[in-house]
Amino acid sequence: YEKAVRPDLGDLRVFNGAGEVVPHAVRRIAEETSQTRQTVPFFPLPGEQRPSSSADLSLRVIRNAEGAVVTVETGNIGPTQSQPTTSYLFDTTALAARPTELEVRWKSSASIMSVSLAQSSDLAHWSPMVNRAVLADLTYNGGNVTSRRILLPGKTLPYIRLDCVDCREPVEITEVSALSGTPATAGQWQWQRLSGTPAKKKKEEQVIEYRLDAKITVTALQLGFPAANSLLRAMIESRSKTDAPWRHVARADFYRLDLQGQTLVNPLVYCPPNSDTYWQIRVITDGAGLSATTQMPRLELGWRQEQVVFLGRGSGPYTLAFGSTKAAEEASAFQDNLVLAALRDTKTESNIQRVEPGPLLTLGGDQALKARLPAISWKKILLWVVLVAGVALLAFMTRTIYREMQAKKL
């Protein structure tokens with residue numbers, strides 16, 4: 001990706017042992033995201049009770065024949081003083097697949113809270129599940145910081161209890177969803193991290209510029225802050241050449257917050273496929289102290305891996321070559337389509353074998369990366385030479401005729 005001369009990898013070639021070009025195609029690896037969402041029934045549990053000297057607490061959970069919770073009833077024997085509800089029971093018995101995450105939405109003045117999860121198979125015996133997780137829904141100055149999901153361990157029991165660790169006000173949960181399958185995480189991308197130039201003023205805006213030299217196709221964005229508790233509202237733009245106009249890529253709130261021993265970062269920002277070289281961040285709201293420091297946030301560009309598929313025609317060893325301006329002049333997009341169409345039509349995808357690349361060899365060196373003068377330019381030069389020669393010849397003939405006419409007058 002760093003030595004290729006074309007963003008679409010059109011300069012890539014595969015040769016067999018005899019030096020012949022064999023058909024190949026470059027294709028993206030299919031995304032591994034297959035996450036499903038299901039609503040989870042939930043029931044508020046009574047808050048901490050402060051009984052009088054003779055008061056007791058009774059709790060009854062009613063389940064149906066399948067084990068699903070139907071209702072939760074509480075009863076008090078003697079006068080008590082109830083505290084606000086800060087615990088909930090989640091019933092996952094009806095879920096078709098094991099949940100990997102829980103997404104919780106609530107309606108409360110408490111915009112940030114720490115919670116813990118416990119699990120049970122019989123509602124009588126509970127074991128710790130998640131010691132501490134931070135849920136947040138912060139809004140300030142038009143920005144928003146949200147953290148509604150709780151990552152679950154590998155194996156879960158059907159009943160889950162959520163307890164608020166530090167809630168001083170009632171927690172009114174409005175919706176609970178269970179997410180199953182493989183989520184789209186940052187680990188599914190390869191990341192190219194770029195260091196930016198110190199922020200400078202452009203039309204009263206702070207602008208940070210970056211340069212991407214690798215020929216990758218970016219589909220996800222993130223900012224890496226050097227210091228914790230930083231928030232930045234920014235517009236990200238890109239362009240392919242220094243004289244091209246900037247085009248919009250994304251606008252988002254980026255943050256890194258350290259809350260109660262846990263780090264919260266903003267969700268990944270997705271963008272249409274982009275292979276531009278030049279990137280910039282236009283700062284809209286600076287909550288990262290950019291004006292008082294020279295440490296700029298890193299621009300992290302996420303891209304998907306690709307596969308090179310080739311037909312093993314002839315004997316090996318096979319050579320994967322790239323980074324040649326000469327090869328870039330040849331059209332290869334049609335070959336990609338033909339190879340992929342052949343695999344699809346013949347249904348021979350299962351016959352593809354994975355091969356490991358050998359050591360990297362330098363053939364033409366950096367000289368091969370320098371663009372040659374296009375053939376059409378030589379034609380233009382030749383045409384201009386002919387035109388100049390014709391003009392010079394015409395001037396010579398005109399001068400000769402003029403001298404002859406002057407000689408006849410004398």
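See the structure printed just above.
Counting of residues starts from 1 at the beginning of each chain's written sequence and follows it residue by residue. The predicted nature of this model means local features are confined to residues of pLDDT at least 70 and side-chain atom pairs, given and counted, to a pLDDT of 80 or more, with totals for whole chains, interfaces and linings taken over all residues. Neither water nor hydrogens contribute to the side-chain values; these are computed over all heavy atoms in the structure.

Trainee: Please clarify how the packing of aromatic side chains should be interpreted in this entry.
Mentor: Here the distance between the centres and the angle between the planes together describe a pair of aromatic rings. Each Phe, Tyr or Trp ring, with Trp reduced to its six-membered ring, pairs with another whose centre is within 6.5 Å; inter-plane angles below 30 degrees give stacked pairs, above 60 give edge-to-face pairs, and intermediate values give tilted ones. On inspection of all chains with the given rule, the structure shows four aromatic pairs. On the basis of an interplanar angle of 55° and a centroid distance of 4.7 Å, the ring pair of Y1 and W303 is categorised as tilted. You can see Y1 sitting in the segment before β1 (13–15) and its partner W303 sitting in strand β26 (residues 298–303), a full 302 residues away along the chain. Ring centres of W189 and Y270 lie 5.9 Å apart, and the angle between their planes is 35°; on these two criteria the pair is classed as tilted. Of the two residues, W189 is situated in the loop between β16 (173–180) and β17 (190–194) and Y270 in strand β24 (residues 269–274); the sequence distance between them amounts to 81 residues. Exposed residues in this analysis have more than 50% of their type's maximum accessible area, buried residues have under 20%, and partly exposed residues fall in between, with area computed by a 1.4 Å probe over protein chains only. A relative accessible area of 48% places Y270 in the partly exposed class. Geometrically, a lysine NZ or arginine CZ counts as sitting over a ring once it is within 6 Å of the ring centre and also within 35 degrees of the ring normal. Taking the ring centre of W126 as reference, the NZ or CZ of R161 above it sits at 4.8 Å. Note on conventions: DSSP H or I runs of at least 4 residues are helices, E runs of at least 2 residues are strands, and numbering of each starts at the N terminus.

Trainee: Explanation requested: a nonpolar patch on the surface in the structure shown.
Mentor: Together, V308, L320, F322 and L360 line one region of the surface with nonpolar side chains, adding up to about 380 Å² of accessible area. Mapped onto the elements, F322 comes out in the loop between β28 (319–321) and α1 (325–328). What goes into a patch is any residue over 30% in relative accessible area without a salt bridge, connected to like charges within 9 Å or, for nonpolar side chains (Val, Leu, Ile, Met, Phe, Trp, Tyr), within 5 Å. All accessible-area figures derive from a Shrake-Rupley calculation using a 1.4 Å probe, and residue coverage is judged against the displayed protein chains alone. Any Lys or Arg side-chain nitrogen located within 4 Å of an Asp or Glu carboxyl oxygen qualifies as a salt bridge.

Trainee: It is not clear to me how the side chain of D91 should be interpreted in this structure. Could you clarify?
Mentor: Its location among the elements puts D91 in strand β9 (residues 87–91). Any pair of N or O atoms that falls within 3.5 Å is considered a polar contact. Within protein, one atom must be able to donate a hydrogen and the other to accept it, and sequence-neighbouring residues count only if both atoms are side-chain atoms. Polar side-chain contacts of D91 include one of 2.8 Å to the side chain of T93.

Trainee: I tried to follow the sheet that holds β16 on my own but got confused; where do I start?
Mentor: To summarise the sheet geometry, strands pair through backbone hydrogen bonds and adopt either a parallel or an antiparallel arrangement. For two strands to count as paired, DSSP must find a minimum of two bridges between them. Pairing is antiparallel in the open sheet, where four strands are placed in the order β3-β16-β10-β14. Strand pairing shows two members of the sheet lacking a second neighbour, β3 (36–39) and β14 (149–151), which therefore form its edges. Along the sheet, successive strands turn relative to each other by an average axial angle of 25°, direction set aside. In this sheet, β16 lies alongside strand β10 (residues 101–106) in antiparallel orientation, the contact comprising six bridges. Paired with W106 across the bridge in β16 is I173. Between N-to-C directions, angles cover 0 to 180 degrees, with each direction set by a line fitted to C-alpha atoms, over the stretch in contact for helices.

Trainee: Is there a simple way to explain the pattern of salt bridges in this structure?
Mentor: Oppositely charged side chains are able to pair whenever their charged atoms sit close together. All told, the structure shown has 13 salt bridges when counted by the stated rule. Here E103 and R149 are joined by a salt bridge, their closest N and O atoms 3.0 Å apart. In this pair, E103 is assigned in strand β10 and R149 in strand β14, connecting sequence segments 46 residues apart. Of the residues examined, E103 reaches a relative accessible area of 8% and is grouped as buried. R149 gets classed as partly exposed once you look at its relative accessible area, which sits at 36%. Linking R161 and D163 is a salt bridge whose minimum nitrogen-to-oxygen distance equals 2.8 Å. With a relative accessible area of 17%, D163 lands in the buried category.

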